[in-house]
Amino acid sequence: LSKDLLPEVRVMDKSQRELRSLIHTRDKLVKLRSCLKNKIHNILNEHGIVSQREMFSSEVGLERVKNAGVSETAKFEINVIVEQIRSLTKSIKEIEEKIKASGQNLKGHKNLTSITGIGDLSAAIILNGVGDIKDFDDSKKLCSYVGLVPTVRDTGDTTRHGHITRRGNKILRTTLVQVALISIKYNSYLRKFYERLKAKKGSGKAIIATARKMLEIIYNTLKNDWVFEDFNNFVLA
């Protein structure tokens, strides 16, 4: 303490903590729903029935699954799981609406939603994960905080770069990748950036690099209080 060596800790206020808790609850419910869908997929496979992921994403598909030609015990198990999936879907939608409503009160919401690929839900998750943008001197420090920078191994003679560090908020990193996947469909600059890296390093590394590029754009947008009139052509309102 006398040497001023204690590291600073970022402390959220109550509303931010509650929002983060909601975001984590949604993430757990989404993962649980995915596990249940995989369970149905396995049951159908055991009975020689090929299932598609789309079958579990709509009411019509779930009804078809319930009427699949399987044994009585398997049908009973599927019916129980389908009802759990429906219940989870309902709860997830309710939580998402609450997250969206809370996100609209966050500083920077209007700025982020002006970026193609970022909606109310992803904006709330990003703003909650990033916190006060003034805590970061530049975009590189933000990328490091999120865990979207490569690991570096320096032996003195050679320097090697490996996979991303994956430090920080995993939900935030996942959201940034999802946002990047949407943006490359509509933004020619990001699409060319992605395609160029994909040709050299493959799709996996390319989308991570594009997510980092997207985070750099997010940093500059929040830092400079930009609002885009047309993000695809980088026209500010």
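Above this note sits the structure.
To keep things clear, this report deals only with the structure shown in the data block. (Residues numbered from 1 in each chain as written. Predicted model: local features only at pLDDT ≥ 70, side-chain atom pairs only at ≥ 80, totals over all residues. Heavy atoms only, no water.)

**Looking at helix 9 (residues 203–223)**
Right, so step 1: Across its 21 residues, helix 9 extends 30 Å between first and last C-alpha, which sits within 8% of the 30 Å expected from 1.5 Å per residue.
Right, so step 2: Of all the positions in helix 9, only Ala 206, Ile 207, Thr 210, Ala 211, Lys 213, Met 214, Leu 215, Ile 217, Ile 218, Tyr 219, Thr 221 and Leu 222 are classed as buried.
Right, so step 3: Residues of helix 9 that are buried in the fold lie against helix 4 (109–113), helix 5 (120–130), helix 6 (139–146), helix 7 (170–186), helix 8 (188–201) and strand 3 (228–230).
Right, so step 4: Looking one or two residues beyond helix 9, the residue adopting positive phi is Asp 225, at roughly 55 degrees. (Helix = DSSP H or I, 4+ residues; strand = E, 2+ residues; numbered from the N terminus. Expected span 1.5 Å × (residues − 1). Buried < 20%, exposed > 50% of the residue type's maximum accessible area, 1.4 Å probe, protein only. Contact = heavy atoms within 4.5 Å.)

**Looking at the packing of helix 6 against helix 9**
Right, so step 1: Put simply, helix 6 and helix 9 touch, their axes get as near as 9 Å, and they point 125 degrees apart. The orientation of helix 6 with respect to helix 9, classified from their angle, is oblique. Judged by the sense of rotation from one axis to the other, the crossing of helix 6 with helix 9 is right-handed. Contacts between helix 6 and helix 9 involve Ser 139, Lys 140, Leu 142, Cys 143 and Val 146 on the former and, on the latter, Arg 212, Leu 215, Glu 216 and Tyr 219.
Right, so step 2: A breakdown of the residues in the contact of helix 6 with helix 9 according to their chemical character gives five nonpolar, one polar and three charged. (Axes fitted to C-alpha atoms, helices over the stretch in contact; angles between N-to-C directions. Parallel < 35°, antiparallel > 145°, perpendicular 65-115°, else oblique. Left-handed = near helix turned anticlockwise from the far one by under 90°. Nonpolar A, V, L, I, M, F, W, Y, C, P; charged D, E, K, R; others polar.)

**Overview of a positive patch on the surface**
Right, so step 1: A grouping of Arg 196, Lys 200, Lys 201 and Lys 205 is seen on the molecular surface, where their side chains present a positively charged patch.
Right, so step 2: Here the positive patch takes three residues from helix 8, the largest share from any one element.
Right, so step 3: As for its position among the elements, Arg 196 is in helix 8. (Patch = residues over 30% accessible without salt bridge, like charges linked within 9 Å, V, L, I, M, F, W, Y side chains within 5 Å. Areas by Shrake-Rupley, 256 points an atom, 1.4 Å probe, with all protein chains shown as cover. Salt bridge = Lys/Arg side-chain N within 4 Å of Asp/Glu carboxyl O. Lys, Arg positive; Asp, Glu negative; His and termini not counted. Charge placed at Lys NZ, Arg CZ, Asp CG, Glu CD.)

**With respect to the nonpolar core**
Right, so step 1: Grouped together as the largest cluster of nonpolar side chains are 60 residues, with contacts concentrated most on Leu 112, Ile 115, Ile 118, Ile 126, Leu 176 and Ile 218.
Right, so step 2: Listing elements by their share of this core, those giving two or more residues are helix 1 (14–46), helix 2 (59–66), helix 3 (72–103), helix 5, helix 6, helix 7, helix 8 and helix 9.
Right, so step 3: Among all residues touching Leu 176, those that are not within four sequence positions of it are Ile 126, Val 146, Leu 148, Ala 211, Leu 215 and Ile 218. (Core = buried A, V, L, I, M, F, W, Y, C linked by side-chain atoms within 4.5 Å.)

**Some thoughts on unusual backbone geometry**
Leave glycine aside and you will find that most residues have negative phi; peptide bonds, for their part, are mostly trans.
Right, so step 1: The phi torsion at Asp 4 lies on the positive side, around 55 degrees, for a residue other than glycine.
Right, so step 2: One can find Asp 4 in the segment before helix 1.
Right, so step 3: For Phe 234, which is not glycine, the phi dihedral falls at a positive 55 degrees.
Right, so step 4: Within the secondary structure, Phe 234 sits in the loop between strand 3 and strand 4 (235–236).
Right, so step 5: The exposure class of Phe 234 is partly exposed, given its relative accessible area of 37%.

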